[in-house]
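Fold and contact review
The residues making up each chain are set out below.
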Amino acid sequence: MLHHAERAVAAYPIQAPILSFIRHNENMTCKVTDQASGAHFLLRIHRSATAGLSGMQHELAGLQAEMALLRELDRQGTLRVQKPVPNRNGEYVTTYRSEELGTVYATMLEWVDGETLAEATPDDQLACKLGENLADLHRYSRSCAAPDMARPSYGAKRIDDALGILEYGVEAGVYSAEQFAIIREVLGLVKQQMRELDTRGGAFGLIHSDFQRNNVVVAEGRNPVFIDYCLYGNGYYLFDVGSAATMFKGEARKAFLKGYASKEASFSAADIRFIEGQILWDIFISYSLFIKDAERGSWIKDHAARICGTLALDFIAGKNVFDAF
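Numbering of residues starts from 1 in every chain and runs along the sequence as written. For a predicted model such as this one, the threshold for reporting local features is a pLDDT of at least 70, and the threshold for listing and counting side-chain atom pairs is 80 or more; totals across whole chains, interfaces and linings nevertheless cover every residue. The basis for every side-chain value is the complete set of non-hydrogen atoms in the structure, without hydrogens or water.

Every helix listed is a DSSP run of H or I at least four residues long, and every strand listed is a run of E at least two residues long, numbered separately from the N terminus. Multiply 1.5 Å by the residue count of a helix minus one, and that product is the helix's expected span. Its 20 residues place the ends of helix α3 (residues 124–143) 29 Å apart at the C-alpha level, agreeing with the 28 Å of an ideal helix rising 1.5 Å per residue. The buried label applies to any residue whose accessible area, calculated with a 1.4 Å probe on protein chains only, is under 20% of its type's maximum; exposed applies above 50%, and partly exposed to all values in between. Where α3 is concerned, the buried positions are L126, A127, L130, G131, N133, L134, A135, D136, L137, H138, Y140 and S141. Only heavy atoms enter the contact rule, under which two residues are in contact if any of them lie within 4.5 Å. Structurally, α3 contributes buried residues whose contacts are with α2 (60–76), β7 (204–207), β8 (216–219), β9 (223–226), α7 (237–245) and α8 (250–261). Contacts described as polar in this section are N or O atom pairs within 3.5 Å, which, within protein, must combine one atom able to donate a hydrogen with one able to accept it, while residues neighboring in sequence count only if both atoms come from side chains. Near the N-terminus of α3, the side chain that reaches the backbone nitrogen of Q125, with its oxygen 3.3 Å away, is that of D123.

Here it is in C-alpha cells:
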C-alpha cells in the first residue's frame, strides 16, 4: 500500500517528502520527512489490515470528528496532541479514488518527538503525570454537550455485538465452549456494572479507548503524550483508567491512580471493582477484533486459556484481581 501513501502525501504542501513505513494495523502509517524544512509528520492511510478493525472510525464523518477533537484539544491547550495538518485545499481529511480500493481517506498529523512508553523506562513520576493527563482528557470530555454519534461506542450494546462475534472462537477451536461461557458470564457482570455506573452520572463520555505502550510518547520534559486516537469513541472513563493502569506494575500503577485521582475523586473499593470489569471488557473486545483473522489473532488461544483459567474466574468469584493484570 506504499503507493497509496505516495499519492496521498502529494495532496499536502510538502516540497520534498521522504516516506518511512511504520506499520499497518487499524490503518497504514508512515513517517514523512520534509527535506526542505526538516519537519516530520505522520501520514495515515485509513484502511485496516484486518476486517475486525474496520468501522465508522474509518468513514469520512468519523475521521472528521477525530480531526475536530485533536484540533480542539490543541486549541484549548488541554493536552499536547498530534496536531492535524490541512492539505492544499485546507481540508483535514484527504479523499481520492483508487481502482484497487475504491474511496481512500488519508490524514496527516504533526510528529511528536520522543520515545514511546514501550521504549522508555517508566517510573512513578512518569506514571503519575500520565494519570494527570488522562484526568485532563476526561475533564475535557465531560465539558462536551453530547456523545459523538460519528464515533464507536463501547457500552452495553457493544458487549452484545462482541459476544456474537466471540462465539466464532468456539467454532474455530480457539477456545472451548466452557471458556466462552466464562467470557459470557464476565461480560454479563460488566453490563451490570455499566448499569450501576449509569446511575452515578458523569461516568460515560468520550474516551481514548486504545491505551497501550506504543500509543504514549514520552516527549520533552518527561511529558506522556497520548497518540493514535483512531479508536476513540464513547465509553466509560474507567475503561481508559483500566487499560492505562495495566501499562504499569507495582508502585508505578499506584502512582498512576494517584495522579488521576489528584484531579478527580479518589478511587473506592467499588471503583477498583468497576475498573477490573473494564479491563476484562478491554481484553475481550480485543479478541473480537482479531478472532476471525487466523494470523493476526493467533495469540488469542493461549491468552484466553490463561485469562479464563485464572483472572476471569477470580473476578466472577468477587476476588480482587486488579494487581494481577
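Right, let's get into the sheet that holds strand β2 (residues 28–34). Only when DSSP finds a minimum of two bridges between them are two strands counted as paired. As summarised here, the arrangement of the five strands in space is β1-β2-β3-β5-β4, forming an open sheet in which the pairing is antiparallel. Strand pairing shows two members of the sheet lacking a second neighbour, β1 (17–24) and β4 (94–98), which therefore form its edges. Neighbouring strand axes in the sheet, compared pairwise and without regard to direction, differ in orientation by 25° on average. In this structure, β4 lies alongside strand β5 (residues 102–110), joined through five bridges in antiparallel fashion. When the sheet's bridge partners are listed, Y96 is paired in β5 with V104. Structural elements are reduced to axes, namely lines fitted to C-alpha atoms, with helices fitted over the stretch in contact, and the angle between N-to-C directions of any two is expressed from 0 to 180 degrees. Against the sheet, α2 makes contact with β3 (40–45), β4 and β5, and its axis sits at roughly 5° relative to β5, the strand it touches most.

Generally speaking, a soluble globular protein has its nonpolar side chains buried in company with each other. As used in this record, nonpolar core signifies buried Ala, Val, Leu, Ile, Met, Phe, Trp, Tyr and Cys residues forming a set joined through side-chain atoms within 4.5 Å. Ranked by size, the top nonpolar core spans 85 residues in total, and within it Y229, F256, W281 and F284 carry the most contacts. In terms of residue count, the dominant contributor to this core is helix α9 (residues 269–290) (twelve residues). Dropping the residues within four chain positions of it, W281 is found in contact with Y154, G155, R158, I159, A162, L187, V190, M194 and F239. In this structure, A8, V9, M28 and I45 belong to the second largest nonpolar core, which totals 16 residues.

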